[in-house]
Amino acid sequence: MAAPSAAASCEDFAEFQELLRVMRTIDDRIVHELNTTIPTASFVGKVDAGQTCKELYQSLMDAHTSRERIIKNCIAQTSSVVKTLREEREKAQDDVALLKQLRKEQTKV
């Protein structure tokens, strides 16, 4: 399972969740992946089990690294937005819309 190549958008939380769901496919199907990676007795001589296991492991590690990078990137982006909104909130204490936006972004983090 290859990781999506498009940059993750953190603005739409539902879209971000969907991206993570798609990226979890290899984890969700691990039993199937193991069953198709490890050869049965009749295929032991035809398939290099060690190599296929290494490839599966590498796929898992790549998927985990990609998800971690995207999650950390979104946390950083959203934290930056929260910081900016906090600074604006300090200047405009009475702005209710700004407070709602700040709370929304804080919840997202």
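Rules used throughout
Residues numbered from 1 in each chain as written. Predicted model: local features only at pLDDT ≥ 70, side-chain atom pairs only at ≥ 80, totals over all residues. Heavy atoms only, no water. UniProt positions renumbered as here; feature names shortened; annotations may be inferred. Helix = DSSP H or I, 4+ residues; strand = E, 2+ residues; numbered from the N terminus. Areas by Shrake-Rupley, 256 points an atom, 1.4 Å probe, with all protein chains shown as cover. Expected span 1.5 Å × (residues − 1). Buried < 20%, exposed > 50% of the residue type's maximum accessible area, 1.4 Å probe, protein only. Contact = heavy atoms within 4.5 Å. Core = buried A, V, L, I, M, F, W, Y, C linked by side-chain atoms within 4.5 Å.

- Identification of the protein chain as Protein MIX23 from Ramphastos sulfuratus is taken from an unreviewed UniProt entry.
- What the UniProt record of the protein chain gives under Sequence similarities (unreviewed entry) is the line "Belongs to the MIX23 family."

### Thoughts on the overall build of the protein chain
So, point 1. Along its length, the protein chain carries 5 helices and 0 strands.
So, point 2. The linear arrangement of helices and strands in the protein chain, starting from the amino end, is α-α-α-α-α.
So, point 3. Of the roughly 7900 Å² that the protein chain leaves accessible, carbon and sulfur atoms contribute 55%.

### Observations regarding helix H4 (residues 49–91)
So, point 1. Its 43 residues give H4 an end-to-end C-alpha distance of 63 Å, which sits within 8% of 63 Å, the value for a rise of 1.5 Å per residue.
So, point 2. Within the sequence span of H4, burial applies to Leu56, Leu60, Ala63, Ser66, Arg67, Ile70, Cys74, Thr78, Val82, Leu85 and Arg89.
So, point 3. Packed against the buried residues of H4 are helix H1 (13–23), helix H2 (25–28), helix H3 (30–37) and helix H5 (96–108).

### Re the nonpolar core
One broad rule of soluble globular proteins: the nonpolar side chains tend to lie buried together.
So, point 1. Counting 7 residues, the largest nonpolar core consists of Cys10, Phe16, Leu19, Leu20, Met23, Ile70 and Cys74.
So, point 2. Listed by contribution, the elements that provide at least two residues to this core are H1 and H4.
So, point 3. When residues in this core are grouped by element, the largest group, 4 residues, is from H1.

### Section: the side chain of Arg67
So, point 1. If you trace the backbone, Arg67 turns up in helix H4.
So, point 2. We classify Arg67 as buried; its relative accessible area is 14%.
So, point 3. With sequence-adjacent residues up to four places away left out, Arg67 is seen in contact with Leu20, Met23, Arg24 and Asp27.

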